[in-house]
Amino acid sequence: MTQAVATAVPVGVDPRTRTQIVAAVLLGLFLAALDQTVVGTALPRIVTDLRGNDIYTWAFTAYILTATISGPIYGKLSDLFGRRPILLFAVSVFLIGSLLSGLSQEMWQFVAFRGIQGLGAGALFPVALAVIGDMFDASERGKYQGLVGGIFGLSSVIGPAIGGVITDTVGWHWVFFVNLPLGAIVFAVIWRALPTFRPSGARPKIDYLGASVLAGALVPLLVGLTNKQTGNWSDPAVGGLIILGLAIAAIFVWVESRAAEPLIPLGLFRNRSFTISVIAMFVASMAFFAPIVFLPRWFQVVGGSSATQSGYQLLALLGGLIISAMGSGQIVARTGRYKLLALGAGVTLGVGLFLLSNLRADTPLPVLFVWMFITGLGVGPVFSVFTLVVQGAVAPRQIGTATSSLTLFQQLGGSVGLAIAGTVFGSRLAEELPVQLAASVPPQVAAGFAGSGTAAIGRLSGVGDIGQAILAATPPGARAQLEPFVPAIVEAIHRAFSIATASTFTFGIAAALVVVLVVAFLREAPARTAATADANLAA
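Residues numbered from 1 in each chain as written. Predicted model: local features only at pLDDT ≥ 70, side-chain atom pairs only at ≥ 80, totals over all residues. Heavy atoms only, no water.

Colleague: Looking at this model, I keep getting lost on a nonpolar patch on the surface. Mind explaining?
Modeller: A cluster of nonpolar side chains, contributed by Val165, Tyr312 and Leu315, occupies part of the molecular surface with about 260 Å² of accessible area. Within the element layout of this structure, Val165 appears in helix 7 (residues 138-169). Given a relative accessible area of 32%, Val165 falls into the partly exposed group. (Patch = residues over 30% accessible without salt bridge, like charges linked within 9 Å, V, L, I, M, F, W, Y side chains within 5 Å. Areas by Shrake-Rupley, 256 points an atom, 1.4 Å probe, with all protein chains shown as cover. Salt bridge = Lys/Arg side-chain N within 4 Å of Asp/Glu carboxyl O. Helix = DSSP H or I, 4+ residues; strand = E, 2+ residues; numbered from the N terminus. Buried < 20%, exposed > 50% of the residue type's maximum accessible area, 1.4 Å probe, protein only.)

Shown next as structure tokens:
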């Protein structure tokens with residue numbers, strides 16, 4: 001199937017109630033997306049208070065893992081049993097996880113409760129998008145999916161800043177407690193306003209085996225990609241787990257091909273629009289997450305910004321993303337066309353990343369902000385257009401399943417992209433640091449740093465006063481001799497760090513070009529209203 005399938009008549013609710021539902025859905029999406037990033041700046045304090053430095057990465061991994069695994073399951077269940085009960089359950093689980101995370105007394109408790117949070121967030125991503133697909137016909141969805149794109153970008157960019165402000169003022173516990181009143185509003189609106197609708201037909205069959213095998217594939221795959229940030233591809237905890245995950249994923253495909261009611265119907269991938277959208281979203285996510293992760297580090301290490309300040313400095317990226325996400329939604333809603341928009345987004349993203357690949361330690365901030373804004377312009381349409389394409393390309397009864405599949409590949413693309421970008425950054429930093437030091441200080445001084453190893457390089461490229469850190473790590477008898485060279489050493493570290501950061505964007509350029517190439521094969525089917533579809537069917 002290559003043509004878009006007209007949507008069914010949208011759920012019958014009055015315009016005011018629809019507005020309330022959309023606002024609640026967007027707020028729920030914002031909370032779920034925010035909790036992927038807001039913990040970053042709060043984590044140093046959390047780790048200190050809970051004495052859990054040895055497992056701190058699992059604060060992120062547990063949340064992403066449970067959210068990614070549960071997303072496709074929730075999407076399928078919402079198609080079988082309706083959106084309302086699934087969303088109410090998910091919001092409840094998310095709020096329970098938030099409360100328990102804020103009350104954690106030990107690091108293992110915090111990690112476990114973050115997993116519960118992610119279990120609730122897993123439905124808020126795809127099912128909330130499916131609600132919008134249900135509420136509006138194809139000609140109207142663009143306006144609201146554009147808002148969704150803005151929400152994802154907003155949460156990605158301001159999350160670190162919000163986490164820093166809350167941690168510095170009222171304490172890290174409130175990073176999670178603040179979800180409670182806002183989440184309660186989401187729950188109340190969904191409970192009161194969202195219609196109860198369950199597809200008619202035979203008793204639904206739940207694909208328990210498919211769900212189990214999918215979880216078995218995603219756990220080692222995501223853990224392996226997460227471990228790549230501190231390990232090598234050849235490590236069993238990295239490459240071994242990734243290979244295991246891919247092997248189980250192959251089994252999952254076999255299981256789904258024989259399931260009566262598959263969790264992810266393989267027939268969806270025979271739909272050209274669906275397959276192209278999934279590939280494009282996966283690859284675009286690989287390109288997008290490098291600026292989100294590595295630019296704040298550059299602002300803090302090279303620019304000397306605090307964690308909160310580095311979050312604000314990403315506002316240029318956020319501005320471009322929100323403008324283009326909302327604008328692209330309006331364009332699709334008015335014209336029904338999206339292919340040129342998707343192509344332009346890929347090209348703009350590639351141009352923005354190319355400009356960012358020229359980042360150096362002395363790059364003026366106004367210039368950098370322009371580069372970030374252009375990159376944001378390229379990212380925005382990705383989060384709105386491909387969701388529209390997917391929801392318009394499948395039958396109404398498959399909107400939840402198709403949307404959750406798209407979200408799954410978005411999450412996987414980000415994880416793969418971060419693993420590759422982290423490898424590029426680490427290898428380039430290790431390569432450039434000796435070169436930059438040799439150009440700035442006497443050979444004997446440079447040789448001392450070059451032989452310090454990877455751990456020392458990591459300390460040298462940390463936040464804070466690098467010069468003081470170098471002197472503190474130097475034997476007392478040698479400090480007086482080294483001190484005159486400290487400013488030159490710091491400048492060399494900054495140059496090496498900037499070149500390594502820029503290298504992560506070079507990888508993204510190739511990913512953006514793949515997006516353009518894939519979208520070129522997309523067959524555009526203009527969005528049609530439900531009324532038009534009914535007229536066509538009657539004819």
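Colleague: Would you take a moment to explain the environment of Leu433 for this structure?
Modeller: By secondary structure assignment, the location of Leu433 is in helix 17 (residues 399-438). Expressed as a C-alpha distance, the spacing of Leu433 and Ala496, which sit 63 residues apart in the sequence, is 5.2 Å.

Colleague: Explain the pattern of salt bridges here, please?
Modeller: Close approach of charged atoms lets side chains of opposite charge pair. Enumeration over the complete set of coordinates arrives at 7 salt bridges. Two residues, Glu431 and Arg428, come together in a salt bridge whose shortest N-O distance is 3.9 Å. With Glu431 and Arg428 both in helix 17 and 3 residues apart, this pair spans about one turn of that helix. Within this structure, Arg428, Glu431 and Glu432 form a network of salt bridges that share partners.

Colleague: Help me understand helix 6 (residues 126-135), please; the structure alone is not making it clear to me.
Modeller: Counting buried positions along helix 6 gives 9 out of 10 residues, so the element sits mostly inside the fold. Considered for burial, the residues of helix 6 that qualify are Pro126, Val127, Ala128, Leu129, Ala130, Val131, Ile132, Gly133 and Met135.

Colleague: Explanation requested: the nonpolar core in the structure shown.
Modeller: One finds Leu356, Leu368 and Met372 to be the most contacted residues of the largest nonpolar core, which totals 69 residues. Listing elements by their share of this core, those giving two or more residues are helix 12 (272-301), helix 14 (315-335), helix 15 (339-356), helix 16 (365-393), helix 17 and helix 22 (486-519). Among the elements that take part in this core, helix 12 stands out by supplying 16 residues, more than any other. Once you skip the residues sitting within four places of it in the chain, Leu356 turns out to touch Pro291, Leu295, Leu368, Trp371, Met372, Thr375, Ala502 and Phe505. (Core = buried A, V, L, I, M, F, W, Y, C linked by side-chain atoms within 4.5 Å. Contact = heavy atoms within 4.5 Å.)

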